[in-house]
Structure formats: C-alpha cells, structure tokens
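Listed below, chain by chain, are the residues.
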Amino acid sequence: MKLPWDRNYLKISFHVIFTLVVIYAVMLLLKNAAEAIMKAEYFLEYMAEVLSPLIIAVIFSYIVNPAVERLQGFYDKMSKKQKKSRFKKRVAGTALFYIILFLGLIALIIFAVICIGETDISLLEEKIRTSVFGFTDTLKQLNLRLSETGLIESEARIFEGIMGFIKSGIEQISEYFTRRVSAIGSFLLDLAIGLTASFYFLMEKEKILFYGRDIIKTFMPKKADSILESLAEANRIFSGYISGQLTDAVVMATLISLSFLIIGIDYPLIIGIISGFSNLIPYVGAIVAFVLSIGVALIGGSPLKALYAAVVVILLQQLDSAVIVPRIVGNKVKLHPVLVILSLSIFGSIFGIWGMVFAVPVTALIKVMLRRIYDRQKIRID
C-alpha cells in the first residue's frame with residue numbers, strides 16, 4: 001500500500017518535531033542549569049590551568065610589544081642595516097628588552113638585599129614586639145574604660161573577643177599561604193615557560209599576524225574585512241586601556257610617595273612604587289598602601305603617623321577612582337568619565353574584582369558595537 005506523501009504535511013511535521021526537540025532540550029538545560037554551569041566553570045578552570053603558559057605568553061607579549069617596537073627601531077637606526085626579507089624579525093629589540101628586564105630584576109633584588117643587610121634585625125624585632133605590646137596595652141585600657149562605664153559586664157570579654165578575632169585572622173592568612181605554596185611553584189614554572197614562548201612571539205610578530213589574517217581571509221572571505229576591522233578596533237581599545245592604566249599607576253605612585261614623604265613615613269618611595277603599580281588591579285593598590293604605610297608607621301612607634309597615612313590613602317583612593325581613572329583611562333579608550341565610573345561600579349558588583357579589571361575595555365567594545373549597529377540601521381532607513 002502506497003502512503004500519500006504530502007510535501008506540505010512533511011514540512012509541518014518537521015517543524016513540529018523540531019520545535020518539540022528544542023523545547024525538550026531547553027527544559028533539560030533549565031532543569032540541570034546549576035550542574036551545567038558548575039561543569040562549565042570546572043572545564044574553563046581546567047583549560048585555563050592547562051593553557052596558562054600560553055595565556056601568560058600572549059598577554060605578556062601584547063603588553064610589552066610597544067617597548068620592543070621602540071627598541072627595535074632604535075637598533076635599526078643605530079646599525080643602519082636594512083635586511084630585505086618577507087617578514088621582519090625583531091631579534092635585537094626583543095633581546096634588548098629581555099636584557100633590560102632581567103637586569104632590572106637583578107638590580108631590584110640586590111637593592112632589597114642591601115636594604116635588608118643594613119637593617120638591624122634585632123632592633124626591627126624589638127620595634128615589632130613593642131608595637132604589638134603597645135597595641136595590646138591600648139586594647140586593655142579601652143577594655144577597662146568600657147567596664148568602668150558599665151558598657152560591658154566583664155572586663156575580659158571585649159579584650160578576649162578582639163584578640164580572638166585577630167588570632168583567627170592570622171591563622172586563616174597563614175593557612176592560605178601554606179596552601180598556596182605549591183600553587184606558587186607551579187605558577188613560577190608556567191611563568192618561565194610563558195616568558196620563553198613570549199620571546200618567540202615578539203620576535204616573529206609579523207609572521208604570526210600575516211598568517212592569522214590569511215587564515216581569516218581563507219575560511220571567512222565574506223566577513224574577513226569586518227572581522228579584521230573589529231580586531232583592529234579591539235586592539236586600539238585594549239592598548240589604550242593598558243597605556244592608561246600604566247599612566248594611572250605612575251601618577252598614583254608619585255602621589256603616594258610624595259604624600260608619605262611629607263607625612264614622614266619611612267620608605268615612602270618603595271611603598272609608593274609598590275602601591276602605585278598594585279593599583280593596576282582596582283582597589284588592590286589602596287589596600288597595599290594602607291597596610292604597608294600603617295604597618296611601617298606603627299613599627300616606627302608613631303600611631304599618629306599611621307592615622308595620617310590612613311587618611312591620605314583614603315583621600316587618594318577617592319581622587320583616583322573619581323577623577324584620575326575616568327580622565328586618563330577614559331581618554332585613552334574614548335569613553336566619557338561617567339561611563340567609566342558606571343562600568344567599574346556595575347561590573348564590580350556583578351563579577352567582583354575581575355569585573356573591575358576588564359570593565360572599561362569591555363564597555364568600550366560594547367560602545368563600538370552599538371555604534372556600528374546604529375550606523376548600519378541609519379543607513380538602511382535613509
């Protein structure tokens with residue numbers, strides 16, 4: 001018996017079956033959404049761990065590429081040798097940069113060793129002990145005053161509570177760093193491999209870019225121009241963001257160093273440089289400056305200086321987040337200062353500290369995409 005096949009009925013049946021399959025798949029996804037998200041997170045963490053040397057190499061190469069370009073240009077001017085080749089290799093510029101980098105690290109280590117060697121360890125230990133005992137005595141006096149006024153029932157309660165909280169915090173910090181020892185060793189190994197790979201990436205930059213463009217044009221010929229234009233725009237935004245962040249780090253390092261020098265905090269330059277460049281991660285620089293300055297002031301036996309340092313750090317952080325970052329970084333990525341502040345607030349609330357790190361460049365990319373969509377729609381209407 002021959003069944004009466006109708007093409008229209010077949011199309012309707014196909015659409016019905018396809019719709020039911022999609023609905024069933026969506027229901028399964030929603031039902032197991034939490035487990036799926038967790039597995040996706042584990043997979044991404046695993047891939048990031050496996051590919052960490054490559055990620056380090058790519059990020060490091062991208063950040064230091066402008067310096068390598070300048071060193072290579074300086075070498076070409078000095079040598080006056082023009083070798084004709086399809087791809088220009090930047091061996092000299094890359095080698096010079098790595099030499100300067102490692103010489104700088106060696107100089108920093110030597111400076112640190114000299115500073116430690118000149119420090120009277122026993123005197124420093126005595127200062128730390130005196131500071132700890134002084135802090136403890138202050139807590140005891142506060143405890144006695146509160147007990148005399150009747151705010152607490154027992155003299156030992158507030159003191160024991162505060163000391164227990166401090167002890168618990170110290171134990172948690174110690175446990176964290178103990179757990180991270182093996183991770184630090186693994187990171188150092190990945191860093192060494194990444195820096196080695198980065199040397200070849202920097203040296204063979206033109207060849208890598210040429211074959212990357214060629215692959216895009218070969219496999220996506222119709223959209224190649226649009227993709228390359230978008231990548232060029234993304235490169236402009238991220239390079240501007242990195243340049244702006246480095247400028248902000250230098251400005252904050254200078255302001256912190258000068259402020260601590262005026263207050264009279266010991267080692268103002270060292271604290272300023274560490275705090276300024278820690279500021280590349282939003283708010284981390286403020287925490288580092290706060291801890292270092294107050295710690296140094298208390299060890300030096302000057303609680304009043306510690307108070308001044310805390311006030312200065314809070315004021316500088318407000319100045320940085322409200323004025324310096326929106327102006328400097330915003331101008332580099334062509335974002336209005338208000339958009340910079342809003343992006344940091346929104347991305348920080350949703351994604352935490354990593355959201356704040358990538359808030360500005362991602363917002364700039366979204367702005368570019370929306371602008372292109374708007375321009376295309378306007379051309380269609382006109």
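Provided above is the structure to which this section pertains.
Fair warning: this is a prediction, and the values are worked out from it, not measured in the lab.

Trainee: What's the story with a nonpolar patch on the surface in this structure? I'm lost.
Mentor: On the surface, a cluster of nonpolar side chains totalling about 910 Å² of accessible area is made up of L246, V250, L269, I273, F277, L280, I281, I353, W354 and F358. Going through the elements one at a time, α8 (224-263), α9 (268-278) and α12 (337-381) are the ones with two or more residues in the nonpolar patch. Its location among the elements puts W354 in helix α12. Among the residues examined, W354 registers a relative accessible area of 59% and is labelled exposed.

Trainee: Got a minute to help me understand the pattern of salt bridges in this structure?
Mentor: Pairing between side chains becomes possible if they bear opposite charge and their charged atoms approach one another. Enumeration according to the criterion identifies five salt bridges in this entry. R90 is paired through a salt bridge with E69; the nearest N and O atoms lie 2.9 Å apart. Pair noted here: R90 is in the loop between α3 (52-79) and α4 (91-118) and E69 is in helix α3, with a separation of 21 residues, a long-range link. Accessibility expressed as a relative area gives 3% for R90, which makes it buried. According to the relative accessible area criterion, E69 is partly exposed, its value standing at 35%. Between E233 and R236 there is a salt bridge, with the nearest N and O atoms lying 2.8 Å from each other. Here E233 pairs with R236, and both are found in helix α8, just three residues apart, close to one helical turn. Here E233 falls in the partly exposed class, since its relative accessible area comes to 22%. It is possible to trace a salt-bridge network through shared partners that takes in E69, R90 and K205.

Trainee: I tried to follow α8 on my own but got confused; where do I start?
Mentor: Residues that lie three or four places apart on an α-helix share one face, since the helix turns once every 3.6 residues. Across its 40 residues, α8 extends 58 Å between first and last C-alpha, which sits within 8% of the 58 Å expected from 1.5 Å per residue. G264 sits one or two residues past α8 and shows a positive phi near 105°.

Trainee: Even after reading the chapter, I still don't get the packing of aromatic side chains, so can you show me in this structure?
Mentor: A ring pair, where both rings are aromatic, is described by two values, the distance of the centres and the angle of the planes. One pass over the full model with this rule turns up seven aromatic pairs. Centre to centre, the rings of F60 and Y98 are 6.3 Å apart; their planes meet at 75°, and the pair counts as edge-to-face. Taken as a pair, F60 in helix α3 and Y98 in helix α4 lie far apart in primary sequence, 38 residues in all. On the accessibility criterion, Y98 (9% relative accessible area) is buried. A centroid spacing of 6.2 Å and a plane angle of 75° characterise the contact between F97 and Y98, whose relative ring orientation is edge-to-face. Ring pairs connect the aromatic residues F60, F97, Y98, F102, F199 and Y200, which therefore count as one cluster.

Trainee: Is there a simple way to think about the environment of K205 in this case?
Mentor: You can see K205 is positioned in helix α7 (residues 205-219). Exposure remark for K205: the relative accessible area of 22% places this residue in the partly exposed category. Remark: the alpha-carbon pair of K205 and K88, spanning 117 residues in sequence, is separated by 8.5 Å. Every residue in contact with K205, bar those within four places of it in the chain, is listed here: N65, E69 and R90.

Trainee: Sorry, what's going on with the side chain of S275 here?
Mentor: Mapped onto the secondary structure, S275 falls in helix α9. By relative accessible area, S275 is classed as buried at 1%. Every residue in contact with S275, bar those within four places of it in the chain, is listed here: I256, G285, V288 and A289.

Trainee: Honestly, the environment of Y241 in this entry has me stumped. Any pointers?
Mentor: Among the structural elements, Y241 can be located in helix α8. Y241 sits 88 residues away from V329 along the chain, and the two C-alpha atoms are 6.0 Å apart. Excluding residues within four positions of it along the chain, Y241 makes contact with V329, V333, M356, V357, V360 and P361.

Trainee: Looking at this model, I keep getting lost on α3. Mind explaining?
Mentor: By the largest-angle criterion, V64 marks the main kink of α3, which is about 50°, and a proline, P66, follows within four residues. Listing the buried residues of α3 in full gives S52, P53, I56, A57, F60, S61, V64, N65, V68, L71, Q72 and D76.

Trainee: Could you clarify how one ought to interpret the nonpolar core in this entry?
Mentor: When a protein is soluble and globular, its nonpolar side chains tend to lie buried together. In this structure, I256, F260 and I265 are the most contacted members of the largest nonpolar core, which totals 18 residues. Of all the secondary-structure elements, those providing two or more residues to this core are α8, α10 (284-299) and α11 (303-333). Among the elements that line this core, the one with the most residues is α11, at seven residues. With residues up to four places along the chain from it excluded, the contact list for F260 reads I265, P268, I271, A289, S293, A309, V312 and V313. Core analysis: the second largest hydrophobic core is formed by 13 residues, I237, L344, F347 and V360 among them.

Thresholds applied
- Residues numbered from 1 in each chain as written.
- Predicted model: local features only at pLDDT ≥ 70, side-chain atom pairs only at ≥ 80, totals over all residues.
- Heavy atoms only, no water.
- Patch = residues over 30% accessible without salt bridge, like charges linked within 9 Å, V, L, I, M, F, W, Y side chains within 5 Å.
- Areas by Shrake-Rupley, 256 points an atom, 1.4 Å probe, with all protein chains shown as cover.
- Salt bridge = Lys/Arg side-chain N within 4 Å of Asp/Glu carboxyl O.
- Helix = DSSP H or I, 4+ residues; strand = E, 2+ residues; numbered from the N terminus.
- Buried < 20%, exposed > 50% of the residue type's maximum accessible area, 1.4 Å probe, protein only.
- Expected span 1.5 Å × (residues − 1).
- Phe/Tyr/Trp six-rings, centres within 6.5 Å; stacked < 30°, edge-to-face > 60°.
- Contact = heavy atoms within 4.5 Å.
- Bend = angle between axes of the 7 residues up to and from the residue.
- Core = buried A, V, L, I, M, F, W, Y, C linked by side-chain atoms within 4.5 Å.

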